[in-house]
Amino acid sequence: MKKLLIPFCLFLSFTIFSQRQITLEEAITIAQKNSPDYKTLLNQNEASYWRFVNYKASFLPQLRLDATLPQYSNAVNRMTNDNGQDIFVRSNQSRIDGSLSLNQNIPLTGGTISFSTQVERVSVFGDNASTGYAVVPFSINYRQNSLFYNQYKWNKKIEPLIYEEAKRDFIENMEQISYNTSLKYFALLKAQVQTLIAKSNLSNQDTLFQISKGRFKMGKIAENDLLQIELSVLNSKNDVTTNEINFKRTSQNLSRYLSLDTESILLNIPEELSTFTVTVEKALEEAKENRKAVIEFRRKRLEAEQDVAEVKGSNRLQLSLNANFGISQQGAVFNDLFQDYNQQQNVSLSLGIPILDWGVSKSKRKLVEANKDLVNTNIEQDEQEFEQEIYLHVLNWQNQRNFLETAKKAQEIAVRRYEITKKRFVLGKITITDLNIALQEKDSSVLQYLNSLEKFWIDYFTLRRLTLYDFIKNKKIEVEDIVYN
């Protein structure tokens with residue numbers, strides 16, 4: 001039986017060569033490069049990228065130069081002499097110093113070790129003019145703020161998860177762009193089809209009205225039937241105007257989203273996808289392996305454990321270590337400084353023990369422990385919702401193709417019935433009421449088919465976003481790595 005699919009026929013008859021023709025796949029490709037959502041996503045991903053670069057750089061040696069350029073002072077200053085008396089002394093001098101240090105964070109211990117060299121020159125002006133030098137050719141320094149809490153250890157656990165979460169979030173949002181593009185694409189497609197249908201209906205109604213006027217003059221139909229047909233013509237004109245406005249609005253929405261230079265767009269009806277099977281077990285397996293939510297759950301648990309470790313590490317006994325070893329020399333002649341060095345070394349261990357804090361330490365510890373329990377409870381609920389969402393969507397997807405086939409068959413039947421009904425009306429065998437009913441059913445079936453086709457594609461892109469897996473190609477969904485300069 002010949003298929004009378006109104007949308008396809010109308011598109012062929014109303015094609016305008018000046019319009020830009022776009023398929024759904026082309027629209028998605030454009031949106032994933034030019035849409036506002038993509039540009040926002042790119043900025044978010046860039047921030048995550050540089051955060052991870054900063055984290056990795058924190059474990060690399062840092063070479064630093066610090067210097068004081070000529071510092072000149074000519075003023076009267078108060079000072080305490082050897083007898084414990086405050087006296088006023090004029091100071092007229094300049095000072096220059098510089099240091100070069102190599103710093104390295106130690107992830108194993110949580111401290112920082114640095115190697116440095118330093119030189120200083122002081123010039124005194126006036127009657128007792130003189131110049132002095134001091135040099136520290138070599139100095140090793142180690143410092144650690146807490147012996148019971150290692151910030152670097154927790155960063156090595158959490159920061160890679162944050163970056164991996166950001167990368168997966170980028171892929172999920174790329175699939176969300178596909179979803180958003182599909183909504184705008186089908187909104188314009190339905191508006192385009194409805195506009196063409198409205199114009200076609202107006203043409204048919206006007207033709208039937210002209211035929212009915214002749215039959216009315218011949219006395220074959222009543223005036224009431226003629227008026228009803230004329231009313232249908234007026235309603236069709238209103239439908240054309242309404243649909244043209246909606247068509248203009250949806251054209252602007254899609255063209256702006258795709259950043260196109262024209263709003264004159266002609267869309268093609270997407271073809272149905274090849275048949276493929278999705279099981280709940282496979283969908284859950286891929287989702288747990290690919291989705292950012294799984295990384296997010298792990299990261300939140302670690303952050304809660306980190307808060308507990310930090311409070312416990314500093315809440316009761318506080319210990320910090322600072323140690324230095326090096327050599328130094330000072331004198332009036334610069335060239336004589338590099339011999340007979342003096343040793344310099346110091347070690348300090350700071351201790352802090354809260355004796356009476358009225359439960360402050362205990363309350364801090366209980367607070368972070370309660371927060372950890374709350375995080376774990378929320379994650380368990382999120383994991384259940386995560387699995388349930390995938391389970392329900394897979395079940396819905398399994399029936400979606402059947403819904404689409406039913407809608408497609410219903411459209412063919414309604415279109416065929418309308419054509420038969422229109423011929424019978426012309427022959428005077430049925431009333432205008434029967435014709436209008438057939439027309440409404442035909443228009444409704446065409447729109448219902450487009451709605452089912454939209455739901456089919458929307459569910460497909462939702463399935464991809466929920467699993468980050470391409471079930472047609474049987475491969476994980478990936479995007480090219482973006483390198484920021």
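Residues numbered from 1 in each chain as written. Predicted model: local features only at pLDDT ≥ 70, side-chain atom pairs only at ≥ 80, totals over all residues. Heavy atoms only, no water.

**Points about a nonpolar patch on the surface**
- A cluster of nonpolar side chains, namely L147, F148, L317, L349, L351, I353, I355, L356 and W358, defines an oily patch on the protein surface of about 1100 Å² accessible area.
- Along the chain, I355 turns up in the loop between β8 (342-352) and α8 (360-426).
- By relative accessible area, I355 is classed as exposed at 82%. (Patch = residues over 30% accessible without salt bridge, like charges linked within 9 Å, V, L, I, M, F, W, Y side chains within 5 Å. Areas by Shrake-Rupley, 256 points an atom, 1.4 Å probe, with all protein chains shown as cover. Salt bridge = Lys/Arg side-chain N within 4 Å of Asp/Glu carboxyl O. Helix = DSSP H or I, 4+ residues; strand = E, 2+ residues; numbered from the N terminus. Buried < 20%, exposed > 50% of the residue type's maximum accessible area, 1.4 Å probe, protein only.)

**Description of the packing of aromatic side chains**
- What the rule picks out here adds up to 16 aromatic pairs.
- For the ring pair F276 and Y460, a centre distance of 6.2 Å and an interplane angle of 65° mean the geometry is edge-to-face. Of this pair, F276 sits in the loop between β6 (265-267) and α6 (280-290) while Y460 sits in helix α9 (residues 432-467), placing them 184 residues apart in sequence. We note that F276, like Y460, is buried.
- With a centroid separation of 6.3 Å and 85° between ring planes, the pair formed by F456 and W457 is classed as edge-to-face. (Phe/Tyr/Trp six-rings, centres within 6.5 Å; stacked < 30°, edge-to-face > 60°.)

**So, the pairing of strand β2 (residues 62-80)**
- Where β2 lies against strand β3 (residues 86-106), 17 bridges are found, and the strand directions are antiparallel. Looking across to β3, one finds that A75 is bridged to S91.
- Linkage of β2 to β3, two consecutive antiparallel strands, is achieved through a turn of 5 residues, within which G84 is found at a positive phi near 80°. (Pairing = 2+ DSSP bridges.)

**Considerations on the confidence of the model for the protein chain**
- With 94% of its residues at a pLDDT of 70 or more, the protein chain has an overall mean of 84.
- Of all the helices and strands in the protein chain, helix α1 (residues 6-14) carries the lowest mean pLDDT, 44, while helix α2 (residues 24-34) carries the highest, 92.
- Of the regions scoring below 50 in pLDDT, residues 1-17 engages in 31 contacts with residues more than four places distant in sequence or in other chains. (pLDDT = per-residue confidence, 0-100. Contact = heavy atoms within 4.5 Å.)

**Considerations on the packing of helix α4 (residues 151-217) against helix α7 (residues 292-315)**
- Between α4 and α7, the shortest axis-to-axis distance is 9 Å and the interhelical angle comes to 155°. Looking at the two axes, α4 sits roughly antiparallel to α7. By crossing handedness, the relation of α4 to α7 is classed as left-handed. Between α4, through Q151, W154, K157, I158, L161, I162, E164, E165, R168, D169 and E172, and α7, the contact on the second element is made entirely by K292, A293, I295, E296, R298, R299, L302, E303, E305, Q306 and A309. (Axes fitted to C-alpha atoms, helices over the stretch in contact; angles between N-to-C directions. Parallel < 35°, antiparallel > 145°, perpendicular 65-115°, else oblique. Left-handed = near helix turned anticlockwise from the far one by under 90°.)

**What to know about the side chain of E286**
- The topology assignment puts E286 in helix α6.
- E286 sits in the buried class, given a relative accessible area of 4%.
- If we skip the residues at most four places from it in the chain, E286 touches R291, T467, Y469 and K476.

**Digging into the packing of α6 against α8**
- Relative to each other, α6 and α8 sit at 140°, their axes nearing to 9 Å. Judged by the inter-axis angle, α6 sits oblique to α8. For the pair α6 and α8, the sense of crossing is right-handed. Contact residues: α6 offers V280, A283, L284, A287 and K288, while α8 offers F386, E387, I390, Y391 and V394.

**Regarding the sheet that holds strand β5 (residues 130-144)**
- The 6 strands lie next to each other as β2-β3-β4-β5-β7-β8, forming an open sheet whose pairing is antiparallel. Across the chains shown, the open sheet's two edge strands, defined by having one partner strand only, are β2 and β8. Here the average twist between neighbouring strands, direction ignored, is 20°.
- Judged from the 12 bridges that link them, strand β4 (residues 111-124) and β5 form a sheet pairing that is antiparallel. Its bridge partner being in β5, I113 is matched across the sheet by Y142.

**Remarks on the pattern of salt bridges**
- According to the stated counting rule, one finds 27 salt bridges in the structure shown.
- We note a salt bridge from R417 to E441, for which the minimum N-O separation is 2.7 Å. With R417 in helix α8 and E441 in helix α9, the pair connects residues that are 24 residues apart, well separated along the chain.
- Classification of R417 as partly exposed rests on a relative accessible area of 37%.
- Connected through salt bridges with shared partners, the residues K282, E286, E289 and K476 form a single ionic network.

**A closer look at α9**
- Along its 36 residues, α9 runs 52 Å from first to last C-alpha, staying within 8% of the 52 Å computed at 1.5 Å per residue.
- Directly beyond the C-terminal end of α9, a positive phi value near 50° is found at L468. (Expected span 1.5 Å × (residues − 1).)

**Structural notes on helix α5 (residues 223-257)**
- The terminal C-alpha atoms of α5 lie 51 Å apart, and with 35 residues this matches the ideal 51 Å at 1.5 Å per residue to within 8%.
- Regarding α5, the residues found buried are L226, I229, S232, V233, S236, V240, N243, T250, S251, L254, S255 and Y257.
- Backbone geometry just downstream of α5 places S259 in the positive-phi region, at approximately 60°.

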